[in-house]
Amino acid sequence: MTTIALNLQAAYAALATAARQAGREPTDVRLLAVSKTFPVADIRAAMAAGQRAFAESHVQEALPKLAELADAGLEWHFIGPLQSNKTRAVAEHFAWVHSVDRLNIAQRLSAQRPADLPPLQVCLQVNISGETSKSGVAPADLPALAQAVAQLPRLQLRGLMAIPAPTDDEAEQRAAFAQLAALQRQLQADGLALDTLSMGMSHDFPAAIAAGATLVRIGTAIFGQRQYT
Ligand SMILES: *Cc1c(COP(=O)(O)O)cnc(C)c1O
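As the structure is a prediction and not an experimental result, all values here were calculated from the model. (Residues numbered from 1 in each chain as written. Predicted model: local features only at pLDDT ≥ 70, side-chain atom pairs only at ≥ 80, totals over all residues. Heavy atoms only, no water.)

Would you explain the overall build of the protein in this entry?
Secondary structure assignment for the protein yields nine helices and eight strands. Compactness check: the protein gives a C-alpha radius of gyration of 17 Å against a globular reference of 17 Å for 229 residues, within 12% of the reference. Expressed as a percentage of its 229 residues, the buried residues of the protein come to 51%. At a minimum sequence separation of 6, the contacts of the protein that also span at least 24 residues come to 58%. (Helix = DSSP H or I, 4+ residues; strand = E, 2+ residues; numbered from the N terminus. Rg over C-alpha atoms; globule rule 2.2 N^0.38 Å. Buried < 20%, exposed > 50% of the residue type's maximum accessible area, 1.4 Å probe, protein only. Contact = heavy atoms within 4.5 Å.)

If you want it as structure tokens, here you go:
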């Protein structure tokens, strides 16, 4: 087996353990393989081990990789910061976007989603307390944004995403993820049919699963350390 196949197997085993410890079914948590900065050969190694859902965070880097793998039957998720001049490429080439944090971006994605594709599946990125990234809607502005995005014809609002500030303290990790889960419950109580909590990365996905994650985004633990040049 390749290192990537072994890593993937270990990640699925850890996912299953975390789910069972939380009294949940392992199949209720999806694993996204985050392939940003890694070559197509590494994606093919993960595919050979059965992985079908992948995520990228830079449009320019992603497009040639998606084109090369166009016939592979993969499901692509966009998880990076999204500027308005990149919305068309995302609307045309991805199945999911996890990083929508303002209405004008959502409107552009809806208008630009090709008619022959299913609606673009969307999570709203929330800037929960302690988050270091500048991305994400403030919790106070989330209800209005969610209601507006839910009205857009070519988008399907699925849930929320967050990237809490990194910490090794599992209690702190869980507290941050619990905030996102609480925001999701509030929106559900307001009538939105949301089923996706996109939270948890290589260093904190067990805590995210304990707090209710339905989708974890794992890069380093599968593909190794990223080299930025
Ligand atoms: C890079 C990235 C990940 C994966 O992080 P790892 O720590 O490598 O698992 C997950 N989510 C987002 C939004 C990312 O940009």
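How should I be thinking about the side chain of Ser 57 in this particular structure?
The topology assignment puts Ser 57 in the loop between β2 (53-56) and α3 (59-68). Those residues in contact with Ser 57 that lie beyond four places of it in its chain are Lys 36, Phe 78, Ile 79, Gly 80 and Pro 81.

Explanation requested: the site of the ligand in the structure shown.
Around the ligand lies a shell formed by Val 34, Lys 36, Ile 79, Ile 163, Met 201, Ser 202, Arg 217, Ile 218, Gly 219, Thr 220 and Arg 226. Residue Ser 202 places a side-chain N or O atom 2.5 Å away from an oxygen atom belonging to the ligand. Here Arg 226 contributes a side-chain N or O atom positioned 2.7 Å from an oxygen atom of the ligand. Among the residues making up the shell around the ligand, the classes are represented as five nonpolar, three polar and three charged. (Near = heavy atom within 4 Å. Polar contact = N/O pair within 3.5 Å; in protein donor to acceptor, adjacent residues only side chain to side chain. Nonpolar A, V, L, I, M, F, W, Y, C, P; charged D, E, K, R; others polar.)

I keep staring at the pattern of salt bridges and nothing clicks. Help me out?
Pairing of side chains with opposite charge becomes possible as their charged atoms draw close. Tallying each qualifying case throughout the model produces seven salt bridges. In this structure, Arg 158 and Asp 195 form a salt bridge, with 2.9 Å as the shortest nitrogen-oxygen distance. Of this pair, Arg 158 sits in strand β6 (residues 155-161) while Asp 195 is found in the loop between α7 (170-189) and β7 (196-198), placing the two residues 37 residues apart along the sequence. Residue classification places Arg 158 among the buried positions, given a relative accessible area of 19%. Of the charged contacts, one joins Glu 170 and Arg 174 as a salt bridge, the two residues approaching to 3.6 Å between their closest N and O atoms. Here Arg 174 and Glu 170 lie together in helix α7, a separation of four residues that amounts to about one turn. (Salt bridge = Lys/Arg side-chain N within 4 Å of Asp/Glu carboxyl O.)

Sorry, what's going on with helix α1 (residues 3-21) here?
Note: α-helices contain 3.6 residues per turn, so residues at a spacing of three or four share the same orientation. Along its 19 residues, α1 runs 27 Å from first to last C-alpha, staying within 8% of the 27 Å computed at 1.5 Å per residue. All of the buried residues in α1 are Ile 4, Ala 5, Leu 8, Ala 11, Leu 15, Ala 16, Ala 18 and Ala 19. Projection of α1 onto a plane perpendicular to its axis shows the buried side chains occupying an angular sector of 165 degrees, all on one side. Opposite the buried face of α1, at more than 90 degrees from it, the exposed residues are Thr 3, Arg 20 and Gln 21. Elements that come into contact with the buried residues of α1 comprise β1 (30-34), α2 (40-48), α8 (205-210), β8 (215-218) and α9 (220-223). Phi for Gly 23, located one or two positions after α1, is positive at around 70 degrees. (Expected span 1.5 Å × (residues − 1). Arc of directions from axis to C-beta.)

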